[in-house]
Amino acid sequence: MKSKSLLLALTATVILQNPLGAHNPTWTDGIACIIYSHCTSCHNENGIAPFSLMTYDDVYQNRYSIAASVQAKSMPPFPASTRYRKYAHANTLSEHEIDDIVDWVNNFAPFGSASDIPTPPTYTSGYQLSDPDFIGQIPPYTVTSNSDVYRMFVIPVNNSVQQTIKSIEVYPGNREIVHHALVFQDTSTKPLTLDQNDPLPGYAAFGGTGSPSSKLLTVYTPGQGAFNFAPGFGAQMLPNTCIILQMHYPGGVSGQVDSTQIRIKYGPSTLRDVNTIAALNHHNTLTNGPLFIPANTVKTFYNKQNNLINRTLTGIMPHMHLIGTSIRAYCVTTTNDTIHLIDIPEWDFHWQYFYQFQKPILIPAGSVLYGEATYDNTDSNPHNPNNPPKDVSRGEGTEDEMFLIYMNLSNYQPGDTSIVIDTSGHYLHDASCFQTSGISENSYEDISVYPNPASDKIFTQGIIGECRFTLFDSEGKTILTGNTGPNVPVDIRHLTTGTYYLQLRTPKQEVIYKKIIRN
Ligand code: HEC
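Anyway, here's the lowdown on the structure attached to this text. Here the structure is a predicted model, which means the values were calculated and not measured.

Parameters and conventions
Residues numbered from 1 in each chain as written. Predicted model: local features only at pLDDT ≥ 70, side-chain atom pairs only at ≥ 80, totals over all residues. Heavy atoms only, no water. Helix = DSSP H or I, 4+ residues; strand = E, 2+ residues; numbered from the N terminus. Buried < 20%, exposed > 50% of the residue type's maximum accessible area, 1.4 Å probe, protein only. Contact = heavy atoms within 4.5 Å. Donors = N, O, S within 2.8 Å, 3.2 Å for Na, K, Ca; no water. Pairing = 2+ DSSP bridges. Near = heavy atom within 4 Å. Polar contact = N/O pair within 3.5 Å; in protein donor to acceptor, adjacent residues only side chain to side chain. Axes fitted to C-alpha atoms, helices over the stretch in contact; angles between N-to-C directions. Parallel < 35°, antiparallel > 145°, perpendicular 65-115°, else oblique. Left-handed = near helix turned anticlockwise from the far one by under 90°. Nonpolar A, V, L, I, M, F, W, Y, C, P; charged D, E, K, R; others polar. Lys, Arg positive; Asp, Glu negative; His and termini not counted. Salt bridge = Lys/Arg side-chain N within 4 Å of Asp/Glu carboxyl O. Phe/Tyr/Trp six-rings, centres within 6.5 Å; stacked < 30°, edge-to-face > 60°. Lys NZ or Arg CZ within 6 Å of the ring centre and 35° of its normal.

### Considerations on the environment of Ala373
Within the fold, Ala373 resides in strand β21 (residues 368–376). Classification of Ala373 as buried rests on a relative accessible area of 0%. Ignoring any residue separated from it by four or fewer positions in sequence, one finds Ala373 in contact with Lys299, Thr300, Phe301, Met320, Ser326, Ile327 and Phe403.

Shown next as structure tokens:
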């Protein structure tokens, strides 16, 4: 067949040009497994991602944008730097997996041998907590806006005695629209009053619950399953507690209905209490407060907490609103050792996780906790809700800001730092897939293109020497090829507006994809 021999000839050329590409993954041998293990929990027919990646055709169609997003580490979404600190149950790709995806795209995305095909995962219902002690459900709620909606729902537990929460599962009623959820507990009547004052189910609120006595329990993000406190730990729940779910429904889902469930498993009262507190916060630990970011400024705030006793830290969750751009926390001990806790170099309000450590961390007595957070209140911040920018101060509203670093803290006991929460270092692969091991980071994100969006010329930064480039449109059609380098821009003036993918082949034979918007 003529077309087949042409394809073989092309493939042979690529292999000759790319002697470093020792392993040539195919869809059935390698790629499907990576996608099924790391992507399809959101990218399935009913998932929250805008398109499915369940089949070869789906992935083939989106191959350039997949290559660009895995190299940029924007997908799977995991904003914390795993160079700074490693976490339990972290859905990140290893360098090896990123390379496999990119090599596969470069080699014309071969299907491979049908006999190797792994079984696709199924995403029909199925609770992880099959025998919970408490089940609550929010009343059916119809989203009435095409912008992002944040809504609080109050679920009374009606527990007459104190209980210890071991696991919490947020089970989305409509997986297509439940972007994420914050779970709080509260013993006051304030949330119920707020709910009663709002004619629709639940009530509107943004950052917090609107009740000062609410305590954060955990955060749900899609694909996560049940949240289990570290082995031996749990959260005490006082009598007559209400659970409050803050649901985030993304833009563009008006008219859709959700009725999310919460399932709670209790443990023995001997479980050690986990106190989830904002140990670093904008109320009383800011060193250059108050939290106020004047219009058209970029400002960094610093946070400090001392007078600590020995504490065991099992998890951490930073929280800011929309104009926050980066946030970090660390601890300095009395012997001047620095313990890295978390670094989110590019804050994304939509992807907030409660990060659990691989093993609990001892915060030794006398240590000082530090936090740093930067806010960009200029019009060059695409997430700024105000254009032109307005002064921003601390508060609960969408357009206010926060600086909170929640921590799961318990009293320290010897042996705590040997407890294993999850040290596998890698998200478990789907059952029918092989396991790739080891996580290492690469430097693709150090190579950038600017300006982007652009309408004139695009420069590359971070590459030494010139490289070959190919520009693809969103359908994968080649639009332009040539050479580019630090002083040799890619001219895009004649292109129509839209999304493009720039493939760069560096002098070191690395292949890098960047998403480009022509505006
Ligand atoms: C936790 C859910 C989740 C996981 C896991 C996930 N995605 Fe996504 N993905 C999304 C959502 C939601 C969007 C839509 C954009 C957004 O909200 O960030 C998206 C968008 C994308 C896009 C479009 C990006 C763009 O620039 O427009 C690509 C490509 C993509 N995902 C690929 C992947 C791949 C490949 C994986 C696995 C390696 C993956 N995603 C894992 C939720 C997820």
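### Focus on the coordination of the iron atom of the ligand
At this site the iron atom of the ligand is bound by His43 (NE2) and Met75 (SD), with donor distances of 2.0 to 2.3 Å. Judged by its relative accessible area of 9%, His43 is buried.

### Quick word on unusual backbone geometry
Pro451 follows Tyr450 through a cis peptide bond whose omega is -15 degrees. In this structure, Pro451 sits in the loop between β24 (448–450) and β25 (457–461). That bond from Asn452 to Pro453 is cis: its omega, 5 degrees, falls within 30 degrees of zero. By the element assignment, Pro453 lies in the loop between β24 and β25. Although it is not a glycine, Lys73 sits at a positive phi angle of roughly 60 degrees. One non-glycine residue, Asn296, adopts positive backbone phi at about 65 degrees. Assignment of secondary structure puts Asn296 in the loop between β15 (292–293) and β16 (298–305).

### Topic: helix α2 (residues 31–38)
Owing to its 3.6 residues per turn, the α-helix aligns residues three or four sequence positions apart on the same side. The buried count for α2 comes to eight of eight residues, which makes it a mostly enclosed element. Residues of α2 that are buried include every one of Ile31, Ala32, Cys33, Ile34, Ile35, Tyr36, Ser37 and His38, and no others. Contacts made by the buried residues of α2 are with α3 (56–61) and α5 (95–106).

### Notes on the pairing of strand β27 (residues 478–484)
The side chains of a regular strand alternate, first on one face of the sheet and then on the other. The pairing of strand β26 (residues 467–473) with β27 spans six bridges and is antiparallel. For Phe469, the partnering residue across the bridge sits in β27 and is Gly482. Between β26 and β27, which pair antiparallel and follow one another directly, the connecting turn spans four residues, one of which, Gly476, has a positive phi of 90 degrees.

### Looking at the site of the ligand
Around the ligand, a shell composed of 21 residues is seen, among which Cys39, Cys42, His43, Met75 and Lys515 lie nearest. Side-chain polar atom of His43 to a nitrogen atom of the ligand: 2.8 Å apart, as the coordinates give it. Here Lys515 contributes a side-chain N or O atom positioned 2.5 Å from an oxygen atom of the ligand. The dominant element in the shell around the ligand, judged by the number of residues it contributes, is helix α4 (residues 63–71), at four residues.

### Digging into the packing of α4 against α5
With their axes 10 Å apart at the nearest point, α4 and α5 run at an angle of 155 degrees to one another. Here α4 lies roughly antiparallel to α5, going by the angle between them. Along this stretch, α4 crosses α5, giving a crossing that reads as left-handed. Between α4, through Arg63, Tyr64, Ile66, Ala67, Val70 and Gln71, and α5, the contact on the second element is made entirely by Ile98, Ile101, Val102 and Val105. Counted by class, the contact of α4 with α5 contains eight nonpolar, one polar and one charged residues.

### Notes on α4
With respect to burial, α4 is a largely interior element, nine of its nine residues being buried. Among all positions of α4, only Arg63, Tyr64, Ser65, Ile66, Ala67, Ala68, Ser69, Val70 and Gln71 are buried. Where α4 is buried, its residues meet α3, α5, β26, β29 (498–505) and β30 (511–518).

### Some points on the side chain of Asp195
Turning to its location among the elements, Asp195 is positioned in helix α6 (residues 190–196). Buried within the structure, Asp195 lacks any salt-bridge partner; Arg151 is the closest side chain of opposite charge, at an N-O distance of 6.2 Å. Filtering out sequence-adjacent residues up to four positions away, Asp195 remains in contact with Val154, Leu200, Pro201, Gly202 and Tyr203.

### Some words on the pattern of salt bridges
What the rule picks out here adds up to seven salt bridges. Close ionic contact of Arg493 with Asp491 constitutes a salt bridge, the shortest N to O distance being 2.6 Å. On the basis of relative accessibility, which here comes to 48%, the residue Arg493 falls in the partly exposed class. The exposure class of Asp491 is partly exposed, given its relative accessible area of 29%. Overlapping salt bridges, with partners in common, bring together Asp131, Asp133 and Lys265 in one network.

### Brief notes about the sheet that holds β24
Pairing is antiparallel across the open sheet formed by three strands, whose spatial order is β24-β25-β28. For this open sheet the edge positions go to β24 and β28 (490–491), each flanked by a neighbour on one side alone. Bridging between β25 and β28 involves two bridges; their strand directions are antiparallel. From the neighbouring strand, Ile458 faces β28, where its bridge partner is Val490.

### What about the packing of aromatic side chains?
Summed over all chains, the structure comprises 21 aromatic pairs. Arranged with centres 5.1 Å apart and planes meeting at 80 degrees, the rings of Tyr56 and Phe111 form a pair that is edge-to-face. One end of the pair, Tyr56, is in helix α3; the other, Phe111, is in the loop between α5 and β1 (134–137), and 55 residues separate them in sequence. We classify Phe111 as partly exposed; its relative accessible area is 31%. Grouping aromatic residues by their ring pairs yields a cluster made of Trp27, Tyr36, Tyr56, Tyr60, Trp104 and Phe111. The aromatic ring of Tyr60 is capped on one face by Arg63, whose charged end is 4.0 Å from the ring centroid.

The values reported here are purely geometric and, on their own, carry no functional implication.
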